[in-house]
Amino acid sequence: MAEFIFILTRQYNRLKSLLKDPRHDCVLFCNEFQLYSYCPREKGETQEKWHTRCVYRAAVWYHDHLAGLKPVVMITEDQHAVAEYNRLTSGVYVISTQEYLQSFWPDLQAAQELYISIAQVLQERESEGQEREYAEHLPAEVLEAGIKSGRYIKGTLKVNKHRAQQEAFVQADSSTKNTELSSDVLVWGMKQRNRAVHGDLVVVELLPRGEWKGRTIALTEAETGVEERTGEEQSQPMPTGRVVGILQRNWRDYVVTFPPWEEVQSQSRNSQRILVIPWDRRIPKIRISTQQAEALQEHRVIVRLDSWDSTSLYPNGHCVKVLGKSGELETEIQTILMENSIHVLPFSEAQLREMLLNSKENLWTVEAGEVAERRDLRTTHLVFSIDPQGCEDVDDALSVRILPEGVRLELGVHIADVTHFVRAGSLTDLEARSRATTYYLADRRYDMLPAVLSADLCSLLGNVDRYAMSVLWELDAKSLAVCKVWFGRTLIRSSYQLCYELAQSLLNNESVEVPELAQLGEVDKKKRLKELKTALEQLTKVARYLRTQRDRGGALELEGVEVRAQLDAEKNITALVPKQPLEIHETVAECMIYANHWVARKIQETFPQQALLRHHPPPCQEHFSQLMDSAKARGFDIDSCSNKALADSLDRAVDPHDPLVNRLLRMMATQAMSNAQYFSTGSCPLEQYYHYGLALKHYTHFTSPIRRYADIIVHRLLTAAIKLDKGMEPNETLASNKELEEIAQHINNKNRAAQQAQKQSIELFQCLYFKDKDPLTDQRCVAEAIIYAMRANGILVFIPRYGMKGPVYLKNRENQVVSLRNDGSCEWQAGMLQRYPDRICTITSNGIHAFSLFDHITVRISVQALRCHPDSLCLEVISDRLQEVAKLESLAAGKGRLELVQEVVRQAEAASQQVEEQERVPQLSKEEREYQQSKGPNLYCLLQEVRELALLDLSVCQGLGLGLQACIKSV
Amino acid sequence: MAGLELLSDQGYRLDGRKPSELRKVQARMGIFTRADGSAYIEQGNTKALAVVYGPHEVRGSRSKTLHDRAVINCQYSMATFSTAERKRRPHGDRKSSEMSLHLKQTFEAAILTQLYPRSQIDIYVKILQSDGGNYSACVNAATLAVIDAGIPIRDYVCACSAGFVEDTPLVDLCHAEETGSGTAVALALLPRGGQIALLQMDARLHQDHLDPVMEAAMTACRSLGQVLDGVVRQHLQEVSILTGE
């Protein structure tokens, strides 16, 4: 009973949130509270009948209310009701869902299919077997009492991706009483997991100590299925338990792949009930009833889970939407988006209608009212922007000048005033909120705001009037101490749209052509150029000072050349970002950090309970153990007690012969970091505001409102704070602490999803790139790799050329190990492995050979094609030395990814064109092409991507961070 | 009570009222002939009966006598059948005693006691059916009974409860709202002068929210005052017809 009510409330909440979303155009009518539609229940009337009668009465009332001008349709699954009411009143039609779909939406194929698959599931459920496969879940009261008394443990179930059949862990949540529990609880096998799915909130009971198991530490290929493991491959036994109840299902929609038709037929007698395999390995197979199995073979399909009874080995589900044939680029990209719960439909017409127009015929100009309200900086300030080459969405610009008296310097950061165009609560705002960020995939991007805003009206382009949100500091010209800060809305006109390289050349006094000055006369040009140069020089001076000031405050000293190189290498974008980082990058980044910091202070002061800030918690010390072990192998000592100590010790850990060692160590340190997160100040104690990476007490995101929703919220908070300062009431009500915390969580989740999607799309492209290359002959499949960690049956390596990490197995399934011949080449032979902390030895008849940490080896890359899961790359050691080829090629490193993306896209396009020609049917309508928002791999995309990578890195690894902003101003 | 939604997104309460809507009030005066004054009131499903005796000589211990004004004696009780679970003690338990005390304070503030030195006025109130807002129903019934008894009173005493759910003040709480919302403010008001005879709150409420809640409760009290006024006038009319004046 409890479960029943629970399901109801969940569905109720889901319905409620659907109704709330204005994009759905739904209205809830409280018929019981309305005089004319209310009808009391009659004696002896069943509840169901009464409800139907109530709904019908409401429908009739509505029909009368509209004076019979519009027919009203009432949908029910109750055939008696259809028969009873349909003819009663003209203009009010009572029909079944199926009839409704067929007669009103005959073109909506997807909806009809969905209906059929759900109907089938409902039917099937009645005819299910009685054999019990799993233990029943305990009732809710028992679970609650058990949790309170400490007998049971409550937590979220996480399935081990690599051993989805066996290992799952439950991380006890903080409310658990059982204090002797030092680690997560292991749940071993499907029976013990008792129908829980990855992500569910479950209750587990610990097994007696004698039945505890250890976790497996050997590398396994994901496909191996059940295999015998020997004791030595397991770690110490850890607390093991079984699931006794599920408090909350966290099912989402899953992407699955249909098996080929022959397989279906051979597998079961009933070819309408099919087992499909989810793309996510952590999810068990799903049973689906459908008649389309033949048409859908080897297609990727979105499936929703319906139920999992104790009598059924697998959960039941139904099809929701077909994505396409597996292996095609479009399908795979959609799969990645879906699996990360990213929904990006083209902007709807209603949303676009809210946008202002800016075309040749209908030129957008500043409004007079706004000019009066804003501070006009068009003539007084020299404003310029510095961005990567070809950037369209310029969301920040800078200015610097000496104030008339000459004792003060004024530094200005001007950010696109997105909130002026995107009103709180408008459709665009809701859409942006649900997207939370612009998504960058390997070959395309999905904007958070419609293009007219992001690339035009909001973008601070050169030589046009634009609204901005500005922070102006008055600094003492000598000491550079802050005397005064001004926040407010402004009107600016950017004079120069510089790119980083150009700005740096100007600083270096090289003679370069500034495009904006090309048409001017010699004298004029010289004057203007001098003006610009002075501004840039002053800016650099200020940024240097700010940087040292932050260092003194304990900021991480990570901004060495190494970090940039490491970052570049990790993401493999070396060719795109200059190896020698330009000082101007740092200058711009520093100004942005400064602006973010001051805005954070301002809104935190004004709204101590409801400001959106960003913090970066100190990392968990245990995460550093791998880093420390690896560093020790090379004789370095890593001190992780504070951010400064960590940075210093990383700086010292440099191997003069092998720059990669330092890179890898930094990479590992990055992995140990926790993620920076948004939070609402009201729900977090003051001491947790600290940003570990940047070493700042307050930090937020303010400088990129075009592509991050958090910045939009911060802009609104800042506007409200300015209004309050002027003694006016803010005209928009601000989100309360609770709402803000919800939004912050949402943005954090979306950011994580965006990163994940980007990572997966890059992997996808890597696989597609290697797919049609013959690993045995093609030189591009052979690359240099460096060992960075040891496992029981293999090693983990990093391939600098492609920026990939992956496992290399030294032992195969026949228990053969890799042995080396004298010339360094490898072969499989019977033998054994021996593992030490810093090396792993293979012992065969050829002798003993050791693979040590940070050794350089040569590997061959091949693609392991999988039907149901994303393809994966398979690495195989072919030599323990560097081959000549590999060396040569590593010189050209860096182009790897650029080349790779382009080539894959070209192939996909060629393939789709071919199909088009053959079928003579365009796959996409014109509209779709137009609003699809994805672009080809032009230079802008790539640069944009680089920029975004920097950002991602910051947020993932913040810590190191900091430095990282290395990257470009994205901070 | 997690599942109960006290205020829907459409702005309706559990029983279909809007946040500032009162329940239906029906009242009659002079229902008992033997008592000096009596009244019966229904506020939605809450029903209360009030009886007034006096002013008369102080009974019982003489020591209670006040030489400058009348003593007010209140007794509150609930019928055993008034709640969902049968009550064992209709009166005399802690809650009832507290309620009696509150009523006494309220009416000491409203009745012109100095007109009757060395005397006593008895007010007996009984809840016949309880569905939230017991205190307010008692006060409203007692006011009518006092008027029926012809005892001079400064103004109608009108009482109403108010709660705070999802940033919205709700007035005249029903039982489910009283138990589910956490906060309930009871307010007794003399509407003409706007004086507060009694204000009581047991649970916690943020200071910022107190003003809107009180404002809502006072508005509700004023409208109740009009209803009571209507009841008294109608009663007067009926009585005058009967007595043939």
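This text gives an overview of the structure that appears in the document. (Residues numbered from 1 in each chain as written. Chains lettered and ligands numbered in written order. Predicted model: local features only at pLDDT ≥ 70, side-chain atom pairs only at ≥ 80, totals over all residues. Heavy atoms only, no water.)

Attention now moves to the pairing of strand β21 (residues 612-615) of chain A. All names here are of chain A. Along β21, one buried face is formed by Leu 612 and Arg 614 and the opposite face, lined by Leu 613 and His 615, is buried too. Pairing of β21 with strand β22 (residues 677-680), which is carried by four bridges, proceeds in the antiparallel orientation. Bridging across to β22, Leu 612 finds its partner in Ser 680. (Buried < 20%, exposed > 50% of the residue type's maximum accessible area, 1.4 Å probe, protein only. Helix = DSSP H or I, 4+ residues; strand = E, 2+ residues; numbered from the N terminus. Pairing = 2+ DSSP bridges.)

It is worth spelling out the packing of helix α18 (residues 583-606) of chain A against helix α22 (residues 709-725) of chain A at this point. Residues and elements named next belong to chain A. The contact between α18 and α22 brings their axes to 9 Å, and the two run at 60°. Of the possible angle classes, the one that applies to α18 and α22 is oblique. As for how α18 packs across α22, the hand of that crossing is left-handed. Two secondary-structure elements touch here, α18 through Val 599, Lys 602, Ile 603 and Thr 606 and α22 through Val 714, Leu 717, Leu 718, Ala 721, Leu 724 and Asp 725. (Axes fitted to C-alpha atoms, helices over the stretch in contact; angles between N-to-C directions. Parallel < 35°, antiparallel > 145°, perpendicular 65-115°, else oblique. Left-handed = near helix turned anticlockwise from the far one by under 90°. Contact = heavy atoms within 4.5 Å.)

The subject of this paragraph is the nonpolar core. Grouped together as the largest cluster of nonpolar side chains are 88 residues, with contacts concentrated most on Phe384(A), Ile386(A), Trp473(A), Leu498(A), Ile584(A), Leu612(A) and Phe702(A). In contact with Phe702(A), other than residues within four places in its own chain, are Ile415(A), Met469(A), Val471(A), Ala595(A), Asn596(A), Val599(A), Arg708(A), Asp711(A), Val714(A), His715(A) and Leu718(A). Listed in part, the 61 residues of the second largest apolar core include Ile41(B), Ala149(B), Leu187(B) and Val232(B). (Core = buried A, V, L, I, M, F, W, Y, C linked by side-chain atoms within 4.5 Å.)

A few words now on the interface of chain B and chain A. Opposite the eight residues of chain B that make contact, chain A presents six residues. Together chain B and chain A conceal approximately 590 Å² of surface at their shared face, both sides included; 59% is due to carbon and sulfur atoms. Across the chain B-chain A interface, the total number found is zero salt bridges. Where chain B meets chain A, there are zero residue pairs in polar contact (both at pLDDT 80 or more). Split into classes, the residues belonging to the side of chain B that touches chain A amount to two nonpolar, two polar and four charged. (Buried area = accessible area lost by both parts, 1.4 Å probe. Salt bridge = Lys/Arg side-chain N within 4 Å of Asp/Glu carboxyl O. Polar contact = N/O pair within 3.5 Å; in protein donor to acceptor, adjacent residues only side chain to side chain. Nonpolar A, V, L, I, M, F, W, Y, C, P; charged D, E, K, R; others polar.)

Residue and element names in this part refer to chain B. Tracing the backbone shows Asp 155 in the loop between α2 (134-148) and β6 (158-165). At a separation of 2.7 Å, a polar atom in the side chain of Asp 155 contacts the main-chain amide nitrogen of Arg 192. The contacts of Asp 155, once residues within four sequence positions are left out, are Leu 190, Pro 191, Arg 192 and Gly 193.

Residues and elements named next belong to chain A. One closed barrel holds the five strands; their spatial order is β8-β9-β10-β12-β11, and the pairing between them is mixed. For this sheet, the mean inter-axis angle between neighbouring strands, taken without regard to orientation, is 55°. In the sheet, strand β10 (residues 286-289) pairs with strand β12 (residues 316-325) via two bridges, with the strands oriented parallel. Looking at β12, one finds that Ile 288 is bridged to Gly 317. Sheet strands touched by helix α9 (residues 329-339): β8 (253-257), β11 (299-307) and β12. Its angle to β8, the strand with the most contacts, is close to 150°.

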